[in-house]
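# Summary of the model geometry
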Amino acid sequence: FGTISVSQPNSTANLYLAKLDSSGKFAWAETVNGPGYNMGFDVALDGQGEIYVTGSVGDGAKFGASTINPQGRHLFVAKASSTGKWLWGVSGVKASSYSASSTGYRVRVDAKGTAYAAGRAYGRLGFGATTIKTRGYDAVAVAVDKSGKFLWADNFGGDGSDSGHGLYLNAAGHLFLTGEFDGVV
């Protein structure tokens, strides 16, 4: 990261968040502490310059004071200040004794600070008070309020491999998703 050095010696894959200035020089870089695979896939900013990230994290991932233990690798949404300091992070969690996983590929945020993420999920998973059960790999969408509480989660798909890769949020608060599906949905 230019002259900025960060390290995570106990991690298999390290998630980073970095800001470059208009001349391409790194202004700052932050990481997520934790022993597992921690990967970021998308970033969005709200009107105040606060930063929202989605991807996939494993047990023990630390976003500032928030430690995530999803019982595997799961979709997360995290919020950082405009200077890159982690404010909170939340993730889906395994909701049964069977195999489960999820990944967030896109994140968007509305004027109220609600973050929306799209991705894919497998198995039975909990997102706050909502539990979803997939039929295979399903597309998934979640909403998280500005303080890091899941508002809702939903999934769709058939027996094949389905995924949400693109997400657009319009001024009326409608979400538009795009992705892939296999077979009949």
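Coordinates for the structure precede this section.
These remarks concern the structure in this document. What you are looking at is a predicted structure, and each value in this text was computed from that prediction instead of being measured. Along each chain, residue indices are assigned from 1 in the same order as the chain's sequence is written. It should be noted that, the model being predicted, local features are given only for residues of pLDDT at least 70 and side-chain atom pairs only at 80 or more, the latter also being counted only at that level, while totals for whole chains, interfaces and linings use all residues. To get the side-chain values, take all heavy atoms of the structure and skip hydrogens and water.

## Side note on the overall build of the protein
For the record, the criterion: Each helix corresponds to a stretch of at least 4 residues labelled H or I by DSSP, and each strand to a stretch of at least 2 residues labelled E; elements are numbered beginning at the N terminus. Put simply, the radius of gyration uses C-alpha atoms, and a globule should come to 2.2 Å times the residue count raised to 0.38. Note on classification: 1.4 Å probe, protein chains only; a residue is buried when its accessible area is under 20% of the maximum for its type, exposed when over 50%, partly exposed between these limits. Contacts were defined at the residue level, with two residues in contact if any of their heavy atoms lie within 4.5 Å. Each accessible area is a Shrake-Rupley estimate made with a 1.4 Å probe; only the visible protein chains count as cover when residues are assessed. When charges are counted, Lys and Arg contribute as positive and Asp and Glu as negative, whereas His and the chain ends are disregarded. We put the charge of a Lys on NZ, of an Arg on CZ, of an Asp on CG and of a Glu on CD.
For the protein, the count of helices and strands is 0 helices and 15 strands. For 185 residues, the compact-globule estimate of 2.2 N^0.38 gives 16 Å, and the C-alpha radius of gyration of the protein, at 16 Å, lies within 12% of that figure. When the backbone C-alpha atoms are referred to their principal axes, the protein occupies close to 50 × 40 × 30 Å. With 185 residues in all, the protein has 49% of them scored as buried. Pairs at least 24 residues apart make up 44% of the contacts formed inside the protein by residues separated by at least 6 positions. Working note: accessible area of the protein is about 9200 Å², and carbon and sulfur atoms make up 51% of it. With 16 positive and 14 negative side-chain charges, the protein shows a separation of 5 Å between the mean positions of the two kinds.

## Looking at a nonpolar patch on the surface
Here is the rule we go by: To count toward a patch, a residue needs a relative accessible area over 30% and no salt bridge; like charges are then connected within 9 Å, while nonpolar side chains (Val, Leu, Ile, Met, Phe, Trp, Tyr) are connected within 5 Å. Any carboxyl oxygen of Asp or Glu that lies within 4 Å of a side-chain nitrogen of Lys or Arg is treated as forming a salt bridge with it.
A cluster of nonpolar residues, Phe-156, Leu-177, Phe-181 and Val-185, forms a patch on the protein surface that exposes about 410 Å² of accessible area. Looking at the secondary structure, you find Val-185 in the segment after β15 (175-180). You can call Val-185 exposed: its relative accessible area is 52%.

## Points about the nonpolar core
Soluble globular proteins tend to bury their nonpolar side chains together. To be explicit about the condition: Residues belong to one nonpolar core when they are buried, are Ala, Val, Leu, Ile, Met, Phe, Trp, Tyr or Cys, and are joined through side-chain atoms within 4.5 Å.
Within the largest apolar cluster, 20 residues are counted, with the highest numbers of intra-cluster contacts made by Val-77, Phe-127, Ile-132, Val-140 and Val-142. When residues of this core are traced back to their parent elements, those giving at least two are β7 (74-80), β8 (86-91), β10 (101-109), β11 (115-127), β12 (130-144) and β13 (150-156). By residue number, the principal contributor to this core is β11, which donates 5 residues. Each residue touching Val-142, except ones within four places of it in the same chain, is listed here: Leu-75, Val-77, Ala-115, Tyr-116, Ala-117, Phe-127, Phe-150, Trp-152 and Ala-153. Core analysis: the next-biggest nonpolar cluster, separate from the first, contains 14 residues, Trp-28, Val-57, Ala-61 and Trp-86 among them.

## Thoughts on the pattern of salt bridges
The full count for this structure, using the stated rule, is 4 salt bridges. The partner of Asp-42 in a salt bridge is Arg-108, and the shortest N-O contact between them spans 2.8 Å. Here Arg-108 lies in strand β10 and Asp-42 lies in strand β3 (residues 39-45), a separation of 66 residues in the sequence. Residue Asp-42 is classed as buried on the basis of its relative accessible area of 15%. A relative accessible area of 28% places Arg-108 in the partly exposed class.

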